Amino acid sequence: MSEREPHRLPPGRQPYDVLNGLRVGAFAGLALGAIVAAVTRIPWFLLLGVVVGAAAGYLWERGRSREDRSALPPKDTNAN
């Protein structure tokens, strides 16, 4: 078996789910940052909200993906 073999994914998971988490987190952070920026009149909260939201969304989905992958049964090494 090769060391560079791709990771298996559980049913229903896509390889780009972590990027979707990043995108959704950035959008949610933008929305929250816009509310805070409108109240405080400090526009930097828009950028701060996007960065923090994107990081949170990415880390959240990456953690969920790792949990789902660890729940998979062991791979059958005898199968071709």
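My aim in this report is to walk through the structure given alongside it, one point at a time. (Residues numbered from 1 in each chain as written. Predicted model: local features only at pLDDT ≥ 70, side-chain atom pairs only at ≥ 80, totals over all residues. Heavy atoms only, no water.)

1. Concerning the overall build of the protein chain
And step 1. A count of helical and extended segments in the protein chain gives two helices and zero strands.
And step 2. Residues counted as buried form 20% of the 80 residues belonging to the protein chain.
And step 3. Look at the contacts in the protein chain between residues 6 or more apart in sequence, and 72% of them connect residues 24 or more apart.
And step 4. Accessible area of the protein chain: about 6,500 Å², with a carbon and sulfur share of 64%. (Helix = DSSP H or I, 4+ residues; strand = E, 2+ residues; numbered from the N terminus. Buried < 20%, exposed > 50% of the residue type's maximum accessible area, 1.4 Å probe, protein only. Contact = heavy atoms within 4.5 Å. Areas by Shrake-Rupley, 256 points an atom, 1.4 Å probe, with all protein chains shown as cover.)

2. Here's the deal with helix α1 (residues 17-40)
And step 1. With 24 residues, α1 extends 34 Å between its outermost C-alpha atoms, agreeing within 8% with the 34 Å of an ideal straight helix rising 1.5 Å per residue.
And step 2. When α1 is considered as a whole, its buried residues turn out to be Asp17, Val18, Gly21, Gly25, Ala26, Gly29, Gly33 and Ala37.
And step 3. Looking at the buried residues of α1, the elements they touch are α2 (44-70).
And step 4. Note on α1: the residue one or two positions beyond its end, Arg41, has a positive phi of about 60 degrees. (Expected span 1.5 Å × (residues − 1).)

3. Overview of the side chain of Asp17
And step 1. Locating Asp17 in the fold gives a position in helix α1.
And step 2. With residues near it in sequence (within four places) discarded, Asp17 still touches Gly12 and Glu61.

4. What about the pattern of salt bridges?
And step 1. Counted by the stated rule, this structure contains one salt bridge.
And step 2. Between Arg64 and Glu61 there is a salt bridge, with its nearest N and O atoms 3.1 Å apart. Placement of both Arg64 and Glu61 in helix α2 is noted, with a separation of three residues, approximately one turn of the helix. (Salt bridge = Lys/Arg side-chain N within 4 Å of Asp/Glu carboxyl O.)

5. Considerations on unusual backbone geometry
And step 1. Unusually for a residue other than glycine, Arg41 sits at a positive phi of about 60 degrees.
And step 2. Structurally, Arg41 can be placed in the loop between α1 and α2.
And step 3. You can call Arg41 exposed: its relative accessible area is 73%.

6. What to know about α2
And step 1. Taking 1.5 Å of rise per residue, 27 residues should cover 39 Å, and α2 covers 39 Å from first to last C-alpha, within 8% of that figure.
And step 2. In the core, the buried residues of α2 are packed alongside α1.

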